[in-house]
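For reference, the chains in residue letters:
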Amino acid sequence: MIILCVVLALVAATGNAAASVLQRRAAAAEPAPSPGAGAARARGWRGLVRRPAWLWGAGMLLLSGVAQAAALATGPLAVVQPVMTTELLFTLVLAAVVFRRPPGARAWGAFLAMAAGLATFLLLAAPSGGTETVPPGRWPVSAVPAVAVSVVLGVVGRGLRGSARAAVLGSATAIGFAFTAALLKDGLGTVSGRAGALPTTWQIYAAVAVGLGSFLALQVTLRSGSLAASQPALTLGDALLSVILGVTLFEERIELGLLVLPEAASLGLIAYACAHLSRSPLVSGKEAQRW
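In what follows, the accompanying structure is described. (Residues numbered from 1 in each chain as written. Predicted model: local features only at pLDDT ≥ 70, side-chain atom pairs only at ≥ 80, totals over all residues. Heavy atoms only, no water.)

1. Side note on the layout of surface pockets
Its boundaries defined by the atoms lining it, the second largest pocket holds a volume of some 370 Å³. Secondary structure elements with two or more residues in the lining of the second largest pocket: α7 (138-158), α8 (162-190) and α9 (202-224). Element by element, the count of residues in the lining of the second largest pocket is highest for α9, at eight residues. Its residues assigned to classes, the lining of the second largest pocket shows 15 nonpolar, seven polar and no charged. (1 Å grid on protein atoms, 1.4 Å probe; cavity = no way out; pocket = protein on both sides within 12 Å on 5 of 7 lines; lining within 4 Å. Points joined across faces, edges and corners; volume = space filled by probe spheres on them. Helix = DSSP H or I, 4+ residues; strand = E, 2+ residues; numbered from the N terminus. Nonpolar A, V, L, I, M, F, W, Y, C, P; charged D, E, K, R; others polar.)

And the structure:
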């Protein structure tokens, strides 16, 4: 089941990456509307959603959501969300193919470093076990501190500028994405994998609300500073908090003890590689620039 869980999470990460690249490709083919021209912008959006690349991208997002839900239903949260960080790697590769631009030596180095860091962390931590559902009393214990931390990060972020603001807001956004995945996993466990019964659970509505809020927070984060500043906080924050939620909510087991230091080092390698990958135009969306 762990192998199936990892495969499904990789499919979800690939779907997210493909959606990003395809919809970026469709947007690049659309002429830029004149500033302030509302009618022209509306026509631009209509033209965009008619493009096959954009529609394929939307389909990839749907596939990604289904695959992530299936991964959460079949394996530990502490495995699924860290594996989802490979979205950056797939974005680099797919964008290089679609836009016909070689990533460059530094991008490939960051690619290999992130892959090695993720593989090392998962092998050392070895997440396993866990329950399918969360006892109701545990949600407030986790959610209340998370909301408090998110509010504090949001307030602090408003007083910052540039990269510092992007990193702080990225951390707050990561909290929302981690809780969205945890709520979805709990909902699926509650209905024992019967997806049609999901509308009868409170978890699915909470997941939609938190997920929408996180998406809106992501838009603010991306406008606050460079992707290289926000992406490590988003990627590592989501993965790390998901591991914590897996242990505290779902009773998943990870190896600690003497392995804590090498595990921390592997997470540091992921963050370092993530920062370098985020500077690549193929990942950030600035394909016209050389890196």
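2. Some points on empty space enclosed by the protein
Scanning the model with the defined rule gives one cavity of 30 Å³ or more in all. Of the voids in this model, the largest cavity is the one considered here, and its volume is about 40 Å³. Only α6 (105-125), α10 (227-250) and α11 (260-278) provide two or more residues apiece to the lining of the largest cavity. Its residues assigned to classes, the lining of the largest cavity comprises seven nonpolar, one polar and no charged.

3. Let's talk about the environment of Ile204
Note on placement: Ile204 falls in helix α9. It is 5.9 Å that separates the C-alpha atoms of Ile204 and Gly187, two residues lying 17 residues apart in sequence.

4. Some points on the packing of aromatic side chains
Counted by the stated rule, this structure contains three aromatic pairs. Here the aromatic rings of Trp139 and Phe179 are separated by 6.4 Å at their centres, their planes lie at 45 degrees, and the arrangement is tilted. In this pair, Trp139 sits in helix α7 while Phe179 sits in helix α8, placing the two residues 40 residues apart along the sequence. Judged by its relative accessible area of 8%, Phe179 is buried. Seen in terms of ring centroids, Trp139 and Trp202 are 6.2 Å apart; in terms of plane orientation they differ by 85 degrees. Their pairing is edge-to-face. In this pair, Trp139 sits in helix α7 while Trp202 sits in helix α9, placing the two residues 63 residues apart along the sequence. For Trp139, a relative accessible area of 6% gives the class buried. Among the aromatic residues, those joined into a cluster by ring pairs are Trp139, Phe179 and Trp202. One Lys or Arg, Lys185, reaches over the ring of Phe250 and ends 5.5 Å from the middle of that ring. (Phe/Tyr/Trp six-rings, centres within 6.5 Å; stacked < 30°, edge-to-face > 60°. Buried < 20%, exposed > 50% of the residue type's maximum accessible area, 1.4 Å probe, protein only. Lys NZ or Arg CZ within 6 Å of the ring centre and 35° of its normal.)

5. Considerations on α8
The terminal C-alpha atoms of α8, which comprises 29 residues, lie 42 Å apart, in line with the 42 Å expected from a rise of 1.5 Å per residue. Counting buried residues along α8, 21 of its 29 residues qualify, which places the element largely inside the surrounding structure. Just beyond α8, the residue with positive phi is Ser192, at close to 55 degrees. (Expected span 1.5 Å × (residues − 1).)

6. Considering the packing of α6 against α11
Here α6 crosses α11 at 155 degrees, and the two axes come no closer than 8 Å. Taken together, the axes of α6 and α11 lie roughly antiparallel to each other. Pair α6 / α11 crosses with left-handed handedness. Here α6 contributes Ala107, Ala110, Phe111, Ala113, Met114, Gly117, Leu118, Thr120, Phe121, Leu124 and Ala125 to the contact with α11, which in turn contributes Pro262, Glu263, Ser266, Leu267, Leu269, Ile270, Ala273, His276 and Leu277. Residue composition of the contact of α6 with α11, by class: 15 nonpolar, four polar and one charged. (Axes fitted to C-alpha atoms, helices over the stretch in contact; angles between N-to-C directions. Parallel < 35°, antiparallel > 145°, perpendicular 65-115°, else oblique. Left-handed = near helix turned anticlockwise from the far one by under 90°. Contact = heavy atoms within 4.5 Å.)

7. So, the side chain of Ser64
Here Ser64 is to be found in helix α3 (residues 52-74). What makes Ser64 buried here is its relative accessible area of 2%. Side chain to side chain, Ser64 and Asn16 meet in a polar contact 2.9 Å long. Not counting residues within four places of it along the chain, the set of residues in contact with Ser64 comprises Ala12, Gly15 and Asn16. (Polar contact = N/O pair within 3.5 Å; in protein donor to acceptor, adjacent residues only side chain to side chain.)

8. Some points on α6
If you check α6, its first and last C-alpha atoms are 30 Å apart, about what 21 residues at 1.5 Å a residue would give, namely 30 Å. Listed in full, the buried residues belonging to α6 are Ala107, Ala110, Phe111, Ala113, Met114, Gly117, Leu118, Phe121, Leu122 and Ala125. Of the surrounding elements, those touching the buried residues of α6 are α4 (77-84), α5 (87-98), α10 and α11.

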